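Observations on the three-dimensional arrangement
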Amino acid sequence: MSITLTRRMLLGAVGATALGFGAMISATSFAVAQSKAIGVSIPTLDNPFWVNAVAFAKHAAEDLGIKLVVVGAESREDKQLADVQSLIAGGANALVVTPQSTASAPGLIMLAKRAGLPIVIVDRYPGFPAENEQAPYVAFIGPNDVSAGRDIAQYLIAQGAKRIVGLGGLPGSSVAEGRQQGLNEAVKAAGGVELVQYVGAGESEDAGYQAMQNLLAAHASGQIDGVWCYNDALCLGAFRAIRQAGRDKEIKLGGMDLVPQALDLIQQGTNYVFSTGGHWLQLGFGVMIAYDALNGHKPLKTDIRLDLLGVNGKNFADFKKQFIDNPPPYEVKDYTLTDNPKATAQTFPLQTK
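Residues numbered from 1 in each chain as written. Predicted model: local features only at pLDDT ≥ 70, side-chain atom pairs only at ≥ 80, totals over all residues. Heavy atoms only, no water.

Summing up its helical and strand segments, the protein chain has 11 helices and 12 strands in all. Counting only C-alpha atoms and orienting by the principal axes, one finds that the protein chain spans roughly 65 × 45 × 40 Å. For the protein chain, with 353 residues in total, the buried portion stands at 53%. For the protein chain, the exposed area adds up to about 14900 Å²; of that, 49% sits on carbon and sulfur atoms. Positive and negative side-chain charges in the protein chain, numbering 29 and 32 respectively, have mean positions lying 2 Å apart. (Helix = DSSP H or I, 4+ residues; strand = E, 2+ residues; numbered from the N terminus. Buried < 20%, exposed > 50% of the residue type's maximum accessible area, 1.4 Å probe, protein only. Areas by Shrake-Rupley, 256 points an atom, 1.4 Å probe, with all protein chains shown as cover. Lys, Arg positive; Asp, Glu negative; His and termini not counted. Charge placed at Lys NZ, Arg CZ, Asp CG, Glu CD.)

Before going further, it helps to spend a moment on the nonpolar core. If you look at the biggest cluster of nonpolar residues, it comprises 90 residues, and the most contacted ones within it are Ile-38, Met-212, Val-227 and Leu-283. Ignoring sequence-local partners within four residues, the contact set of Val-227 consists of Leu-156, Val-165, Leu-167, Met-212, Ala-238, Ile-242, Ile-251, Lys-252, Leu-253 and Gly-254. Listed in part, the 22 residues of the second largest apolar core include Ile-109, Ile-119, Ile-121 and Phe-128. (Core = buried A, V, L, I, M, F, W, Y, C linked by side-chain atoms within 4.5 Å. Contact = heavy atoms within 4.5 Å.)

Pairing within the open sheet is parallel, and its 6 strands lie in the order S2-S1-S3-S4-S5-S11. Looking at the sheet topology across the chains shown, the edges are occupied by strand S2 (67-72) and strand S11 (303-306). Geometrically, the sheet is characterised by an average inter-axis angle of 15 degrees between neighbouring strands, direction not taken into account. With 3 bridges joining them, strand S4 (residues 119-122) and strand S5 (residues 139-143) adopt parallel strand pairing. Its bridge partner being in S5, Ile-121 is matched across the sheet by Phe-140. Lying on the sheet, helix H3 (residues 77-89) is in contact with strand S1 (37-42), S2 and strand S3 (94-97); it crosses S1 at an angle near 175 degrees. (Pairing = 2+ DSSP bridges. Axes fitted to C-alpha atoms, helices over the stretch in contact; angles between N-to-C directions.)

Strand order in this open sheet of 6 strands is S7-S6-S8-S9-S10-S12, and the pairing throughout is mixed. In this open sheet, the two strands that pair with only one neighbour each are strand S7 (194-200) and strand S12 (309-311). Averaged over all pairs of adjacent strands, the angle between strand axes in this sheet comes to 15 degrees, irrespective of strand direction. In the packing of helix H6 (residues 174-190) onto the sheet, the strands contacted are S7, strand S8 (226-229) and strand S9 (252-256), and the crossing angle to S7 comes to about 170 degrees. Its contacts with the sheet place helix H9 (residues 260-267) against strand S10 (272-277) and S12, and it is angled at close to 140 degrees to S10.

A surface patch of negative charge is lined by Glu-62, Asp-63, Glu-331, Asp-334 and Asp-339. Looking at the secondary structure, you find Asp-63 in helix H2 (residues 48-64). (Patch = residues over 30% accessible without salt bridge, like charges linked within 9 Å, V, L, I, M, F, W, Y side chains within 5 Å. Salt bridge = Lys/Arg side-chain N within 4 Å of Asp/Glu carboxyl O.)

None of the figures reported here should be taken as evidence of function without further support.
Now the structure itself:
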């Protein structure tokens, strides 16, 4: 299958060379000759979500006996291009990358192509399939955003919410659009439930706080009873605004990402009742797929969308024990074709046992 990439996308790879392949950063030194080395580039190392992602990726790499070096782009496209160049120059045998943006993805993939390295794309879909001639990659793995958005809304509705407001992500983002689609589907299917208002708020806690303040001013007490959130950061801001307004007894909230602050509020039995996620495991799954590629195994699927794990007050204890306090309760090698040729999946299910 072939595609035609835009000239702007293709120039991303050309522009990257101007940064200089000789530029090295000490963090990307591989200094290991005996084992395979995989370089990982993600948008940031500071966000709690990505901290969890890196922890599992390192767990997977250790189980597989491979060297792993992880770098964060500090949310900058230019730094990520330089980081990937340094990973290649430093001796990486494969790459696992979460592009800072869709526009920068082709350039990153083409750097890998020029170096003859397999590259797995994680979390942010590059906008085109893996099997193409111009910018081929091994596989994409990320969350099923439609089902995630649907799950949040369905849980709020099951808890009695009938007049819901939505705090969405950045307009124009495929991730935000997918989650919004899931919200709309759940409301339509429920009957007797109304989506009172939907706002493309952004992604940060401050954005959620400000948007929720405006929604509370627009909808008096008794007019809304549920807040659907694109992510937990927005939801934490909305939670704060609702509590300050003294309306926490009448409005329930649900978000996505399973960040620690959200989990704490769920555990405490507040009106923050639900979060879905677990997709931080996707980074480790990407490492597993790259490991298989290094050993000559094509992926079972080239486009993997993860159905996520919903957490509420009832299953919180099991989730914490199995995914937070300990590595997930699965054997990594059981899900690699290299170690288990009979494997039927290269990711394990996101569910508590």
